[in-house]
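Residue-level structure breakdown
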Amino acid sequence: MRYMIRTENLTKNYNGVKAVDGLNLEVEEGDIFGFLGPNGAGKSTTILMLVGMIEPTHGKCFVNDIEVSKDPLSVKNIIGYLPEDIGFYSNMTAAENLNYFAGFYKIEKSARQKKIEEVLELVNLGGVTKKAGQFSRGMTQRLGMAQALINDPKILFLDEPTANLDPESVFQYRNLVKRLSDEGKTIFIVSHILPEVSNVCKTTGIIKEGRLIAKGTIDELKREFSGMGEDQKQMIIEAFDPIPDLTHSDILKIEYSEDRKRVVIESTSDIREDISGILFEKHIRMKGMKMHEPTLEEAFLSIYKE
Amino acid sequence: MRSNRSGLGNIVRKEFIDHIRSGKFIIVFLIFLLLSAYSLHGGINMYHDALDRYKEHIERIEDAEDIRIPMPAGPPGHPGVVHVTEWMPERPSALYAFMWMRMAMPVLGAILAVVMGFDLISRERQDRTLKTLLSHPIYRDEIINGKAIAGLLVIILAIGMTFGISLAMLLISDIVPTIGEFVNIALFGIISVILLVSFFAIALMSSVLFKNSGSSIMFAFGIILVISLILPAIAPFAAEMIVGPRPEPPPFDFRVPPPPSIPDEGQEGDEGVLEKREFEIDPLAEEEWAEWRRQSEAYWERIRPITEAFAILSPATHFGEISTVLDIGMGGMMGMIHIPGDDIPVEDPDIFDRLYAVWMNILALFVIPAIFFAIAYTKFMKLDIR
């Protein structure tokens, strides 16, 4: 197992206040890692240290086994970074902006032109000739994605990548991220939009007050912080008539509503078929029955309540 | 993929193109060019007037038998009078035509340089392009160095064009500079570049200090106003406050005027005061005047370092001092007095001697932009880019 991103006791102080506090983190090669946390939790400060734009107060961070603070230029050569509040030169077109940024890498002129066209097509800006100053925020965000890909990076750092995108662009963005992951790129996404992370990320870390307080796959986090074990199931049954007491060998816990028309069952297996049979025998008219999957939001809120 | 280490070149290229394509630069540069050309046009007219006066003097010398000009003390051995046949006016120099341009350069140059530099960094911060730029493989100092180098190149281009047009105007006006004059004009061009670079460095520093471009331009012009005008203007008053009042001259003249004489026939009505009056000297009074002169010299010796200190950061002051030794705007009114029997040849100091005389000003003209750039550089390297 190879870690493309690794931090060791990473700390950043601003005027005596710890924005990042002893962060230890590993991200595997090819992973799509979601870095979650509310505003001010230290996400953007972490990403700025990882991309070599600010230096840590203490600790170290490594990207592709290169210590970032010692050799930021080598790191910048193999990464792409989409800042949260990206800006472009308003007097230049999308292609001119990309051509300028591409000039910082060793790319042949002919290959450079081809790469610019390719990444502009990827973000649906191919053929757009107007100046960047006339772009909508969504177009600017997409151009930001294009500039992050201009050097064909091994690792992508995306800071709030869907913040200004319309639903169609969000859909395209998700497909693009999955495609880039399939190509073997490691993607580090910073976001406070939970559905975005749960939709595209394979693993997630949650940061609170500069410290990593949870890390794992999305399913692991959901289960861990919803209080349910790996084999536990949760069902919700709603009926038009009051539900009588239900018994089953697999039931671990059962909760009835006050009017007994709604019941939440936690069991060791999926017992929906058995329960519907029992209710049918007792002539109870069912309104609905569904399995409840714990959500990332529940896990996140549970963590932040602690 | 590794960096091609051409980050600096990439930035210089982009910034240079940005400058010469910028609407505000083009407008201000055209105004600069037009006003410079207009100043030179005025200078060329003055040159021609001076040339006419010179020719007139030559004709008068050829026609006149003996015209005498009174002098306060007169040259040694010839107190009180100089014969006009012995006064050789100097042919006006081509450098005289640059008089107005020399005066206009600090003002026009300041405007052009500030317009070029006031938002170089602040605009990157306002438009959030600085973070985007820094996410690519470049060192932070390459950004500010690249902007400074591009600014220098554009200033060289602007001054080069201005002086190219100026030389063309001189030649069209039948003024052909000598090689010596041409060297002086070229040196004047170089110090004009450094003058503009000084103002540009102030504007660049301002753009680093302020996130808002409006505040940046106000600050840049404010600094230029203070160091170029306000400090040199208050310097004499401050110096007098420090050193004390200047010595008063003796209340009487050491020259004893002779009784009024009758002007020679045919000499009245000529330009200048031409008469035969000769003064006599009172030796005791002259001694008092000599003492006053010594005190005055000592006083001004004490005043000078103070006024110079006040003007030390003024690029316009140093520019003016160096222009003077280069004879820029000079050579239109001077004359040489040749005294019969006084055959000691007076050598005109060569250009190196002249420049050596103002080496402090030359050094200061280089140091001033370096100071402001150093402030900009240091601040930029520590800039919080979150």
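None of the values given here were measured: they were computed from a predicted structure.

1. Structural notes on the overall build of chain B
Secondary structure assignment for chain B yields 12 helices and 6 strands. Residue burial in chain B is summarised as follows: out of 386 residues, 44% are buried. For chain B, long-range pairs separated by at least 24 residues make up 85% of all intrachain contacts whose partners lie at least 6 apart in sequence. Counting every atom, chain B has about 20,600 Å² of accessible surface; 65% of that belongs to carbon and sulfur.

2. What about the interface of chain B and chain A?
At the interface, 27 residues of chain B touch 25 residues of chain A. When chain B packs against chain A, the two sides together hide about 2,900 Å² of surface, and 59% of this comes from carbon and sulfur. The tally of links between chain B and chain A comes to 1 salt bridge. Where chain B packs against chain A, one counts 11 residue pairs in polar contact (both at pLDDT 80 or more). Counting only elements with at least two residues in the side of chain B that touches chain A, the list comes to helix H1 (7–21) and helix H5 (129–134) of chain B. Counted by class, the side of chain B that touches chain A contains 8 nonpolar, 9 polar and 10 charged residues.

3. A word on the environment of Ser 216 of chain B
Residue and element names in this part refer to chain B. On the secondary structure map, Ser 216 appears in helix H8 (residues 213–243). A relative accessible area of 0% means that Ser 216 is categorised as buried. Measuring from C-alpha to C-alpha, the distance between Ser 216 and Leu 204 comes to 8.9 Å, with 12 residues separating the pair along the chain. Residues contacting Ser 216, with those up to four places away along its chain left out, are Phe 118, Ser 122, Ala 203, Ser 206, Ser 207 and Phe 210. Here Phe 118 takes part through its backbone oxygen, which lies 2.5 Å from a polar atom of the side chain of Ser 216.

4. Some remarks on the side chain of Lys 115 of chain A
Residues and elements named next belong to chain A. Along the chain, Lys 115 falls in helix H4 (residues 109–122). The buried category is assigned to Lys 115, whose relative accessible area is 17%. Excluding residues that lie within four positions of it along the chain, Lys 115 makes contacts with Leu 149, Ile 150 and Asp 152.

5. Some remarks on the nonpolar core
One finds Met 145, Phe 157 and Phe 188 of chain A to be the most contacted residues of the largest nonpolar core, which totals 163 residues. Element by element, the count of residues in this core is highest for helix H7 (residues 179–209) of chain B, at 16 residues. Apart from the residues lying within four places of it in its own chain, the contact partners of Met 145 of chain A are Leu 82, Val 123, Leu 156, Leu 158, Tyr 173, Leu 176, Val 177 and Leu 180 of chain A.

6. Examining the sheet that holds strand S8 (residues 186–191) of chain A
All names here are of chain A. Within the open sheet, the 6 strands sit side by side as S6-S7-S8-S3-S9-S10. Their pairing is mixed. In the strand order of this sheet, the two ends are held by strand S6 (79–82) and strand S10 (211–217), each with one partner. Here the average twist between neighbouring strands, direction ignored, is 15°. Where S6 lies against strand S7 (residues 155–159), 4 bridges are found, and the strand directions are parallel. Residue pairing for S7: Leu 82 is matched across the bridge by Leu 158. Packing of helix H5 (residues 137–148) onto the sheet brings it into contact with S6 and S7, and relative to S6 it is tilted by some 165°.

7. Looking at the side chain of Ser 166 of chain B
All names here are of chain B. Relative to the helices and strands, Ser 166 is located in helix H6 (residues 140–172). Of the residues examined, Ser 166 reaches a relative accessible area of 2% and is grouped as buried. Looking at Ser 166, its side chain comes within polar contact range of the main-chain oxygen of Thr 162, at 2.7 Å. Residue contacts for Ser 166: discarding those within four places in its chain leaves Leu 40, Phe 98 and Met 101.

Cut-offs and rules
Residues numbered from 1 in each chain as written. Chains lettered and ligands numbered in written order. Predicted model: local features only at pLDDT ≥ 70, side-chain atom pairs only at ≥ 80, totals over all residues. Heavy atoms only, no water. Helix = DSSP H or I, 4+ residues; strand = E, 2+ residues; numbered from the N terminus. Buried < 20%, exposed > 50% of the residue type's maximum accessible area, 1.4 Å probe, protein only. Contact = heavy atoms within 4.5 Å. Areas by Shrake-Rupley, 256 points an atom, 1.4 Å probe, with all protein chains shown as cover. Buried area = accessible area lost by both parts, 1.4 Å probe. Salt bridge = Lys/Arg side-chain N within 4 Å of Asp/Glu carboxyl O. Polar contact = N/O pair within 3.5 Å; in protein donor to acceptor, adjacent residues only side chain to side chain. Nonpolar A, V, L, I, M, F, W, Y, C, P; charged D, E, K, R; others polar. Core = buried A, V, L, I, M, F, W, Y, C linked by side-chain atoms within 4.5 Å. Pairing = 2+ DSSP bridges. Axes fitted to C-alpha atoms, helices over the stretch in contact; angles between N-to-C directions.

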